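# An overview of the molecular structure
Each chain, written out:
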Amino acid sequence: MTDSSLILISAYAKLPANITVEEVYKTMVVAVVIDTDTDSIIKAEASLVTDVSKNFIAGLLIGYKMEQGPNRLLEQFDETYYGHSKKAIETAIKMIFNKYEEVKSRQRLKQVLQGGKMQ
């Protein structure tokens, strides 16, 4: 892992009205640091009110291989998270995967244009 292999991706989603996290933050943000050499999430944070919730989400995300796609992660999340922010977190996770695909596509294109090997 090199410093140049680390990227941060954040995604925002609308929270349901009249829940504590919406009163505090207005919008859900999920941010992850990904090592592009291993396609692994190495750090994660979500704008939730309680440390228990923040740690739970981080525990689900950290170590996940982005190359596996979002479905397995979203299934695990759906089966284990029963908080009011569920839809907003799901939306943010999907956005993170979409952004990561854009990043990887740009990296592959850059390699091709520079005459390097495609991964």
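Please read these numbers as outputs of a predicted model, since none were measured by experiment.

## Thoughts on the packing of helix H3 (residues 70–80) against helix H4 (residues 86–113)
Direction vectors running N to C along H3 and H4 enclose 165 degrees, while the axes themselves pass 11 Å from each other. As summarised for this structure, H3 and H4 are arranged roughly antiparallel, according to the angle between their axes. In the crossing of H3 with H4, the sense of the turn from one axis to the other is right-handed. Residue-level contacts link Pro70, Leu73, Leu74, Phe77 and Asp78 of H3 to Lys86, Ile89, Glu90, Ile93, Lys94 and Phe97 of H4. Here the contact of H3 with H4 is built from residues that sort into seven nonpolar, no polar and four charged.

## So, the packing of helix H2 (residues 51–61) against H3
Running from N to C, H2 and H3 point in directions that differ by 150 degrees, and their axes come no closer than 10 Å. One way to sum up the angle between H2 and H3 is to call them roughly antiparallel. For the crossing formed where H2 meets H3, the hand is right-handed. Side by side, H2 and H3 meet where Phe56, Ile57, Leu60 and Leu61 of the first sit next to Leu73, Gln76, Phe77 and Thr80 of the second. Within the contact of H2 with H3, the residues separate by chemical class into six nonpolar, two polar and no charged.

So, how was this worked out
Residues numbered from 1 in each chain as written. Predicted model: local features only at pLDDT ≥ 70, side-chain atom pairs only at ≥ 80, totals over all residues. Heavy atoms only, no water. Axes fitted to C-alpha atoms, helices over the stretch in contact; angles between N-to-C directions. Helix = DSSP H or I, 4+ residues; strand = E, 2+ residues; numbered from the N terminus. Parallel < 35°, antiparallel > 145°, perpendicular 65-115°, else oblique. Left-handed = near helix turned anticlockwise from the far one by under 90°. Contact = heavy atoms within 4.5 Å. Nonpolar A, V, L, I, M, F, W, Y, C, P; charged D, E, K, R; others polar.

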